[in-house]
Amino acid sequence: MSKLTEEVDLLRSIPMFAGMPANKLKLLAFASDHITVADGDMLFNQGDDADAAYIVIEGAADVLVASEAGAEPSRVAQLGRNSVIGDMAILADIPRTASVRAEGELEILKISRDHMMDMVKDSPTLALAVLKELVERLARTTHDLSEAKSELAGLKKAS
Amino acid sequence: MAKEDEYDAANKPLETRLMRFIWRQTRGEQIWLLFVIIISMVPYFLILNLPVKIINEPIQGVGFETATATQTFFDLSLSLPEFLGGAGFTLYEGMQLERWPYLIALSCSFLALVCVNGLFKFYINTYKGRLGERMLRRMRYNLVDRVLRFPISHFKRVKGSEVASMVKDEVEPFGEFIGDAYVQPVYLGGQALVAFVFILQQSMWLGMIAVSIIAVQMVIIPWLRKRVLELGRQRQLTARLLSGRIGEIVEGITSVHVNDTSNYERSELANRLGKIFFIRYELYQRKFFIKFLNNFLAQLTPFLFYVVGGYFAIRGTLNVGQLLGVINAYKDLPTPINGLIQWDQKRVDIDIKYAQIVEQFNVTGMSDSRLQAATTEKVEPLTGTIEVSNLQVTDDTGSVLLQDADFTLPVDGITAAIGPLGSGAGVMANALAGLVNPSAGRLRINGSSLTDLPQSVRGRRFAYAGSESYLPQMTLLDSLLYVNKHAPLTEPDYSCLIEPLHPRTELEAKAAGNTLLNYYSDWVDYDAMGISGPDEVLPRLRDVLDLVEMDEVVTGLAMRQRLDPEETPQLCEKLVEVRSTLRQRIDGSQLANLVEVWDRETYNEHATLAENLIFGTAAQADELTAAGIVENEYVREVLSKTGLDRDMFEMGIELADTAIELFADLSPDNPFFEQLNFMTPEELEAYPPVLLRAKEEGFDKLGATDRNMLLQLPMNYIEKRNRLKLMDASTQTRILEARKMLHDNPPADFTDAVTAYDVTLYSPMESVQDNILFGRIAQGVQNAQEQVQEAITDLLKEMGLEEEIFSIGLQFDIGTGGKRLSEGQRQRIILARGLLKGSDLFIVNRGLNSLDQRSQERLVKKVLARARGDEGLGRPFGLLWILTAPHIATEFDKVMVFDRQRLKSYDEPSALQENDDLYRSLVS
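As the structure is a computational prediction, the values presented were derived from the model and not from experiment. (Residues numbered from 1 in each chain as written. Chains lettered and ligands numbered in written order. Predicted model: local features only at pLDDT ≥ 70, side-chain atom pairs only at ≥ 80, totals over all residues.)

Comments concerning the overall build of chain B
Within chain B, the secondary structure is distributed over 35 helices and 18 strands. The C-alpha atoms of chain B give 40 Å as radius of gyration, which overshoots the globular expectation for 924 residues (29 Å, by more than 25%). Overall size of chain B, expressed as C-alpha extent along the three principal axes, is 120 × 85 × 55 Å. Restricting the contact set of chain B to residue pairs at least 6 apart, pairs at least 24 apart contribute 77%. (Helix = DSSP H or I, 4+ residues; strand = E, 2+ residues; numbered from the N terminus. Rg over C-alpha atoms; globule rule 2.2 N^0.38 Å. Contact = placed C-beta atoms within 7 Å.)

Here is the structure:
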């Protein structure tokens, strides 16, 4: 099996892309770069301009966030196979909200912002899927936030 | 004082009547031309007369009745007309010649007259041509001169391509006409008059007939022509609109595609073309009707002559000789009459066209030409304060863009202006820069009006960087220096010219009223840039490009340029040295993973199949194309010997399949096509039938054209990039075998076309970077390109080549509108130019709005440091920045806050922070 076919399969396993026609997925994979990142190398840094989204093909990546500018960044998550990295930043043109570092050798598919945007413009299915993904994340964040708030209130009461 | 006259002339509106314009500009020449034409009539008359004499006298023997008779040749005598007494003067008595020598003498004089006549014609035509061309040049120059002085607001209403079509095409027919404008009617009129008088002499009645027919012709035809002229005017208008519209389609092609409006555009175009068609069709109908009528009237006259003249002849009041004479004379009449009518039509036609064009260029509010006078003198720096009182700006629909602005701005102050888009801040900046005219209020500097400042003060002491990032096509270097080209400062240097200038260049420029400022002088004002001469330009440019963070981009551009070792032999030699140093460093370092260098014995996985097979580049300027390689017989032979052609055939089928699957339903300008490295969008269309035949017939039966089309596809294939798993180790081994075979005793045409990779040679067909690397950057390694460029830049710095490479980057052609640079890069370049100018006040009007906020912040801070003279680099200057990232306003000395077309507050940031809500909400 060629690498391209593997990548297409990988893309199909991601909910956002699942509903897209096979030849569009293949086109996206064809136009994207298969990149190897050495252990410890940064994929991007917090605050960088976002020009691409990444999908982990093999290996793991650490997500690092510095709470204040200049502070030592701390690891907030680790992403493994099939994770999508930095997709929201390229849709909204906001700087990277976190840094990502390769943990061990990392193989990724790099989808450039322009290609992603062209795909979204071309395919309503993809646009809807992206929208759905966004709403779900928002719901999750809202849920987390309200939980955190009630926890905080509980803590305040206790003290 | 002559200079003053020129300015006055330039300031006057253009003469609206073409004939008056021509007469005013070319009076002297027209009179001279007339004089020459009258003189030329003498040999013309003589040459008409001479054949009669030759036939009658020496040939037929009139006057040679005896064998010894002689005739007088070349006697020059003048005789006064009868009413002056008829006395004669003899200037030269002439020679007595016998019949045979007399024939020779007369024939020779005929030949001489032919020559004289021809020379006269030649002289008159060239003179007319030159006159016309000069006027054309003057007209074009005047028109563009006026475009340069149009009020900026006028450009909202005119389309660039329309102005271009007027200046380029529509004035073209004037050139031809100008030479004939005055001479033609006099000449033709004279001819007609002579024939006419002759007819009248013969018979009053026939003369009257001729007069009346001609009168009818002269009345009816121009009347009919009126509509034709009107149609001609419409034709011109519609054609101009068409060219404007086509220009718009091209400019706005993206919105056509994203909105699927191509069919709307088609229908709009068809509608326009339809209108033009009917105008033109009616024009032809009328034109040919007039022609028909003209011919008919011309033929009608002889008919009347026969009838009426015949009647008189029968009655005996007119003899037959006279009748024949009249008919003969009439034959000569229509030509000049028609010529006159045509001339008049052309005059009216061109007059209308001229008036049409002039109308477009007589714009109110044009700046005084004195304000644009070129001055080579140093313009004294501006100091003091700009006082703005009651400033109001409206747009052309009358809606208010800014009102009641009252403030003072020290020229050397460091001021920011913030406010939402449309709040008036940008308009204020444009008013200060002179880009919009205030509808009310005053702008004064040190007591005198800002609008009356000559452009030499405004354009040199102020710098401006707006958000619009259009850059005309030139090299990056010229684009940067452009802002300092105000006047020719040195003696002209013609060394860059391949052919020397025409010796009459300056004389002709003067004759056409063009500027005499020499284009070939050095126009760059080095003094203003804070340097002493051209030698210091490079470091200065590096400094500002470094400040706007473009230095790496420029080096990157240089890396992608190609160099010709014949033009820059030393640099290329040094680059080969850089190559060998780099190779030593690559071994065992991290770089080894990023670059795969050329090696005769191994397959380069990051290069194309063709590069691996040929193992070299084209020797001449023509690149080696995939198709070219496949069609080469020697290569084909080697491919079939190694059996590679069958492998590549299979690969070709696979690639064509993939390309069709992925790209067939995309439009040819879809950006995804950039990723298709083995086919162009145009080629893609040809493949489906080829593929069908290939699958049906197989390798052996398939036609050569089809087979070649498939074989060329894998030529650009890179397994590491395309990832289709078409290349395995055994194929690679066979390609290496083929490579070896190709270079083993190749025929002459192969060695002529290909230069094999040679570590000691610089290849003109490869970019600077590829030459230094002598290999290919690895595909699919994070930031490989950046890391490699960094390594190369370091190395170049070490070897002292950084500047040379940088200056090669500056030779990069930025493309039409600067489109080969990104918008952000163009805005950075425009900012850098503003810094280079050495102005007293730098106005930046949302100048970096396509950059991200953090980059904007960095650049603003750097420019602020320069403006304050912090680093001791250059002269401090005033800064007025309309910020798109308002939070940086805290860094400025004073801040203007705009809202709803008004200046709301104007104070130090700390004071605003304390008591201004609007400021706080904008800045936070």
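Re the environment of L724 of chain B
Locating L724 of chain B in the fold gives a position in the loop between α26 (719-722) and α27 (729-743). C-alpha of L724 of chain B to C-alpha of M651 of chain B: the two residues are 73 residues apart in sequence and 9.7 Å apart in space. Those residues in contact with L724 of chain B that sit more than four places away from it in its chain are S2 and L4 of chain A together with E654 and T658 of chain B.

Describing the sheet that holds strand β6 (residues 400-410) of chain B
What holds strands together in a sheet is hydrogen bonding between their backbones, with the strands either parallel or antiparallel. Residues and elements named next belong to chain B. The four strands are arranged β6-β5-β8-β9 in an open sheet whose pairing can be described as antiparallel. Among the strands making up the open sheet, the edge pair consists of β6 and β9 (448-449). Note that strand β5 (residues 385-394) and β6 share seven bridges and pair antiparallel. Looking across to β6, one finds that T385 is bridged to P410. (Pairing = 2+ DSSP bridges.)

Observations regarding unusual backbone geometry
Residue and element names in this part refer to chain B. The phi torsion at F615 lies on the positive side, around 50°, for a residue other than glycine. Looking at the element boundaries, F615 is found in the loop between α19 (609-614) and β12 (616-618). The class for F615 is buried, based on 22 C-beta atoms found within 10 Å. One non-glycine residue, R900, lies in positive phi territory at about 45°. For R900, the location among the structural elements is in the loop between β17 (894-899) and β18 (902-907). Of the residues examined, R900 has 12 C-beta atoms within 10 Å and is grouped as exposed. (Buried ≥ 20, exposed ≤ 12 C-beta atoms within 10 Å, placed from the backbone.)

A word on the interface of chain A and chain B
The interface of chain A with chain B comprises 20 residues on the first partner and 13 residues on the second. Sorting the residues of the side of chain A that touches chain B by element identifies α1 (3-12), α3 (22-31), β1 (33-37) and α5 (113-122) of chain A as the ones contributing at least two each. Here the residues of the side of chain A that touches chain B sort into seven nonpolar, six polar and seven charged. (Nonpolar A, V, L, I, M, F, W, Y, C, P; charged D, E, K, R; others polar.)

Some thoughts on the packing of helix α22 (residues 644-663) of chain B against helix α25 (residues 704-712) of chain B
Residue and element names in this part refer to chain B. Across the interface, α22 lies against α25 with an axial gap of 7 Å and an inter-helix angle of 80°. Classified by the angle their axes make, α22 and α25 are roughly perpendicular. Residue-level inspection shows D645, M648, F649, G652, I653 and A656 of α22 in contact with α25, the latter providing R707, L710 and L711. Partitioned by chemical class, the residues of the contact of α22 with α25 number six nonpolar, one polar and two charged. (Axes fitted to C-alpha atoms, helices over the stretch in contact; angles between N-to-C directions. Parallel < 35°, antiparallel > 145°, perpendicular 65-115°, else oblique.)

Topic: the pairing of strand β15 (residues 841-845) of chain B
Residue and element names in this part refer to chain B. Buried residues dominate β15, accounting for five of its five residues. In terms of strand pairing, strand β10 (residues 462-465) meets β15 through four bridges, oriented parallel. Of the residues in β15, the one forming a bridge with A463 is F842. Relative to strand β16 (residues 878-882), β15 runs parallel, the two sharing five bridges. Across the sheet, residue L841 finds its bridge partner in β16, namely G878.

Remarks on the nonpolar core
Residue and element names in this part refer to chain B. Counting 183 residues, the largest nonpolar core has A417, A832 and I843 as its most contacted members. The greatest single-element share of this core, amounting to nine residues, is contributed by α22. Counting 23 residues, the second largest nonpolar core, distinct from the first, contains A195, I221, L323 and L340. (Core = buried A, V, L, I, M, F, W, Y, C linked by C-beta atoms within 7 Å.)

Some points on the domain arrangement of chain B
The assigned domain composition of chain B is domain 1 (7-73 + 95-361), domain 2 (385-473 + 838-923), domain 3 (490-522), domain 4 (562-598 + 758-810) and domain 5 (614-756). Between domain 1 of chain B and domain 5 of chain B, the C-alpha centre-to-centre distance is 63 Å. (Domains from an automatic or database assignment.)

Thoughts on the confidence of the model for chain B
On average, chain B scores 85 in pLDDT, and the residues at 70 or more come to 96%. Here the complex is predicted with pTM 0.73, and the ipTM for its interfaces comes to 0.84. (pLDDT = per-residue confidence, 0-100.)

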